[in-house]
Amino acid sequence: MRHQGKLHPYLYILPALLIVLLFRALPIAGAFAGSVLDYDIGGSHGFVGLANYARMLADGRFWNSVTNTVFFVLGVVPLAIVIPLFLAMLLRGRLAGKSVYRTIYFLPVVTSAVAVSVVWTWLFNPEAGPVNRVLAAVGIEPLLWLREPRGIFELLLAPLGVHPQGTLAGPSLALVSLMIVSIWKSIGYNTVLFLAGLESIPGELYEAARLDGAGRWGVFRHVTWPMLSPTTYYVLIMSTIASFQTFALVYVMTPPPGGGPLGTTNLIVFYLFQKAFDRFDIGYASAISVFLFVVLLVLTLAQRRLAGRRVHYQ
Amino acid sequence: MKPGSLSGAGQHVLLVAGSLVMMLPFIWMIATSLEQGGFANYVEAWSRVAFGRYFLNTIMVTSLTVLGVLITSCLAAYAFATMEFRGRSVLFLLFLSTMMVPQPVYLAPSYVILSRLRWIDTYMALIVPWTANVFSIFLLRQHFMTLPRSLYEAATLDGCGRLEYLWRVVLPLSRSVIATVILFNVIGSWNSFMWPLVVTHSEELRVLQVGLSYFNQELSSNYQLLMAASTFCTLPLLLMFVLTQKQIVASYARSGIKS
């Protein structure tokens, strides 16, 4: 399509472009620039080279937030894939009440993370919260949930007389509580994605597999799983990126200044937030931003590479 | 029955059990909100802090943001989809690449930019940076590209200008994608938390999510009032969702396939 004036197309793009340049491209560049500056509430005090990065590598609290984030992502992502995949398998095809189920599973997705966090803080309340009341009804001792700094493996193995320490103790029960909420909130979205993926698989493939004598598991392994791999891959990447960015859950459920009991729920974005806006340590926060960006980029590229051979695009 | 699925009854038992787990937090939220005071809890929560103000702020910020997104996205997507010009693919790539960078990465520098503009603690800071949305541009562009060119030729023969063609022909043919864009941005804007928390300080500018989080900090033990507040803060969006659930679910499913 030819246009009459040469200026026209740019005028159409201009409003979006201005916003994208000023409020996306510029601050993204700013994160890189800020990471090599000594920048605080008074503005820039000059170039400091890689000093912010050196400080980051030597900062125990930073590494604590990285460890917590790794625990969190490893705890959330597999379950945020397996549970929705299972639900989607149950929901596919023509099923009575399908849209009702789908609506219910989807409710937490559209609910704000803040409201969800306020509600779950009450559910996990150690003194009178419903979760402990339910546990008491089946004879389980009340747990501290969001206030429990001890690691989950430490708690599970204590009755056997085993006491793992440090990283081996695993994520604190407080962090596990956040994982539960995060999984609960993401199930609906991932289920809908898997459902769309499942329903795009042509029915003839199932018939062919059954004619070849494949059982239920065989059909899943040789037809469903490979045909679903682009969806699985997409869900994997999106869930990983999203869990890396968890903020509201930490902020509301294990409120500032702590980042949870003994800092055990301090995730990297929360730590970045503390540095940038409690201390106005913008230069240091920028170095953490760049670290986060690079990690996510590398993870996405690595997943793409690993999946590249296995993902089966039609 | 499809191969690989369970028998009908077993399937429903599992799905109902799952539904209960998903619903329980909401049920407990409402049940707790009605304990002791009953509906009076709602009245008290509402009047303890300026929830009315927070609601108005959120409604204003959300509607202006979505309006801005619609204007900037339709114009840009239209140009990207139907016009030829130098730098088109470079600009489009620039747009897409900013979408790949997560918001927390550029949060601190954004604050610096906003303070240079003297926009910290203003509605401008809450609205303007979000009036362009690359994902919306992408969705609209994909759709605009599917419209046949013959439509444009016929319209220009009738003396229809470019902008007029967009308004009179393209947009009416894009209702479903526009609905998707509106729903995504309403949900995103209504629920956004980190950004308004960072760029505003005064109570008059608090949006609902920020207001609720402060309310939570102030009243950390009064769960009846907290659950009442959580209920009325989530109700508008839940209602919108239940009324438009088909469209929303389809939109989310589409977002996955398109990417």
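Residues numbered from 1 in each chain as written. Chains lettered and ligands numbered in written order. Predicted model: local features only at pLDDT ≥ 70, side-chain atom pairs only at ≥ 80, totals over all residues. Heavy atoms only, no water.

A. Highlighting the interface of chain B and chain A. With 91 residues of chain B at the contact, the number on the chain A side is 83 residues. When chain B packs against chain A, close to 8400 Å² is buried across both sides, 76% of that on carbon and sulfur atoms. In this assembly, chain B and chain A are joined by zero salt bridges. No other element matches helix α1 (residues 8-34) of chain B, which puts 15 residues into the side of chain B that touches chain A. A class-by-class count of the residues in the side of chain B that touches chain A yields 62 nonpolar, 24 polar and five charged. (Contact = heavy atoms within 4.5 Å. Buried area = accessible area lost by both parts, 1.4 Å probe. Salt bridge = Lys/Arg side-chain N within 4 Å of Asp/Glu carboxyl O. Helix = DSSP H or I, 4+ residues; strand = E, 2+ residues; numbered from the N terminus. Nonpolar A, V, L, I, M, F, W, Y, C, P; charged D, E, K, R; others polar.)

B. Region of interest: the environment of S221 of chain B. Its place among the elements puts S221 of chain B in the loop between α12 (208-218) and α13 (223-243). The spatial distance from the C-alpha of S221 of chain B to the C-alpha of C74 of chain B is 47 Å, given a sequence separation of 147 residues.

C. Structural view of the side chain of N266 of chain A. Residue placement: N266 of chain A occurs in the loop between α11 (248-253) and α12 (268-278). Within the local environment of N266 of chain A, its side chain forms a polar contact with the side chain of Q274 of chain A, the two groups lying 3.2 Å apart. (Polar contact = N/O pair within 3.5 Å; in protein donor to acceptor, adjacent residues only side chain to side chain.)

D. Spotlight on a nonpolar patch on the surface. A cluster of nonpolar side chains, namely M60, L64, L67 and I71 of chain B, defines an oily patch on the protein surface of about 340 Å² accessible area. Residue classification places L67 of chain B among the partly exposed residues on the basis of a relative accessible area of 46%. (Patch = residues over 30% accessible without salt bridge, like charges linked within 9 Å, V, L, I, M, F, W, Y side chains within 5 Å. Areas by Shrake-Rupley, 256 points an atom, 1.4 Å probe, with all protein chains shown as cover. Buried < 20%, exposed > 50% of the residue type's maximum accessible area, 1.4 Å probe, protein only.)

E. Here's a closer look at the nonpolar core. Core analysis: the largest hydrophobic core is formed by 194 residues, its most contacted members being F106 of chain A together with F51 of chain B. Here this core gets 16 residues from one element, more than from any other, and that element is helix α8 (residues 173-199) of chain A. Among residues more than four places away in sequence, those in contact with F106 of chain A are G188, Y189 and V192 of chain A together with F241, I248, V249 and Y252 of chain B. (Core = buried A, V, L, I, M, F, W, Y, C linked by side-chain atoms within 4.5 Å.)

F. Quick peek at the packing of aromatic side chains. Counted according to the given criterion, the structure contains 45 aromatic pairs over all chains. Ring centres of F23 of chain A and W119 of chain B lie 6.0 Å apart, and the angle between their planes is 20°; on these two criteria the pair is classed as stacked. Here F23 of chain A, found in helix α1 (residues 8-34), pairs with W119 of chain B, found in the loop between α5 (107-116) and α6 (123-127), and the two come from separate chains. Residue W119 of chain B is classed as buried on the basis of its relative accessible area, which comes to 19%. Members of the aromatic cluster, each reached through a chain of ring pairs, are F247, Y251, F270, F273, F277 and F280 of chain A together with Y111 and F193 of chain B. Just above the ring of Y284 of chain A sits the side chain of R55 of chain A; from NZ or CZ to the centre is 3.9 Å. Directly above the ring of F92 of chain B sits R141 of chain B, whose terminal nitrogen or CZ lies 4.0 Å from the centroid. (Phe/Tyr/Trp six-rings, centres within 6.5 Å; stacked < 30°, edge-to-face > 60°. Lys NZ or Arg CZ within 6 Å of the ring centre and 35° of its normal.)

G. Summary view of the environment of Q142 of chain B. If you trace the backbone, Q142 of chain B turns up in helix α7 (residues 134-144). Along the chain, Q142 of chain B and V177 of chain B lie 35 residues apart, while their C-alpha atoms are 9.7 Å from each other.

H. Focus on the environment of S243 of chain A. Residue and element names in this part refer to chain A. Among the structural elements, S243 can be located in helix α10 (residues 216-244). Under the relative-accessibility criterion, S243 is labelled buried at 4%. The spatial distance from the C-alpha of S243 to the C-alpha of I183 is 9.6 Å, given a sequence separation of 60 residues. Look past the residues within four positions of S243 in its chain and what remains in contact with it is F72, V73, V76 and V77.

I. Up close: helix α4 (residues 98-110) of chain A. Residue and element names in this part refer to chain A. Compared with the 18 Å implied by 1.5 Å per residue over 13 residues, the 19 Å span of α4 between its first and last C-alpha is a close match. At I104, α4 shows its maximal kink, close to 30°; a proline, P108, follows between one and four residues later. Within α4, eleven of the 13 residues are buried, leaving the element largely enclosed by the surrounding structure. Those residues of α4 that fall on the buried side of the exposure criterion are K98, Y101, R102, T103, I104, Y105, F106, L107, P108, V109 and V110. (Expected span 1.5 Å × (residues − 1). Bend = angle between axes of the 7 residues up to and from the residue.)

J. Broad picture of the side chain of N132 of chain A. For N132 of chain A, the location among the structural elements is in helix α6 (residues 130-137). A polar atom in the side chain of N132 of chain A sits 2.9 Å from the side chain of W145 of chain A.

K. Molecular detail of the pattern of salt bridges. All names here are of chain A. All chains considered together, the criterion is met by six salt bridges over all chains. A salt bridge links E199 to K98; the nearest nitrogen and oxygen atoms lie 2.6 Å apart. Taken together, the residues E199 in helix α8 and K98 in helix α4 connect sequence positions 101 residues apart. Of the residues examined, E199 reaches a relative accessible area of 45% and is grouped as partly exposed.

L. Structural view of the packing of helix α3 (residues 60-91) of chain A against α8 of chain A. Residue and element names in this part refer to chain A. Following both chains from N to C, one finds α3 and α8 inclined at 40°, their axes separated by 7 Å at the closest point. Classified by the angle their axes make, α3 and α8 are oblique. Here α3 runs over α8; the crossing is right-handed. Residue composition of the contact of α3 with α8, by class: 21 nonpolar, six polar and no charged. (Axes fitted to C-alpha atoms, helices over the stretch in contact; angles between N-to-C directions. Parallel < 35°, antiparallel > 145°, perpendicular 65-115°, else oblique. Left-handed = near helix turned anticlockwise from the far one by under 90°.)

M. The arrangement of α12 of chain B in detail. The buried count for α12 of chain B comes to eight of eleven residues, which makes it a mostly enclosed element. Along α12 of chain B, the residues that are buried comprise L208, Q209, V210, G211, L212, S213, F215 and N216 of chain B.

N. Region of the structure containing the packing of helix α3 (residues 51-82) of chain B against α12 of chain B. All names here are of chain B. Where α3 meets α12, the closest approach of the two axes is 8 Å, and the angle between their N-to-C directions is 150°. Compared by their axis directions, α3 and α12 come out roughly antiparallel. For the pair α3 and α12, contact is made by F51, Y54, F55 and T58 and by L208, G211, L212 and F215, respectively. Its residues assigned to classes, the contact of α3 with α12 shows six nonpolar, two polar and no charged.

O. Highlighting the confidence of the model for chain B. Residues and elements named next belong to chain B. Of the residues in chain B, 96% have a pLDDT of 70 or more, and the chain-wide mean is 91. Across chain B, the secondary-structure element scoring lowest on mean pLDDT is helix α14 (residues 245-258), at 76, and the one scoring highest is α6, at 98. In the model, residues 1-5 has pLDDT below 50 throughout and makes eleven contacts with residues more than four positions away in sequence or in other chains. For this predicted complex, the interface confidence score (ipTM) comes to 0.92, while the overall pTM stands at 0.94. (pLDDT = per-residue confidence, 0-100.)

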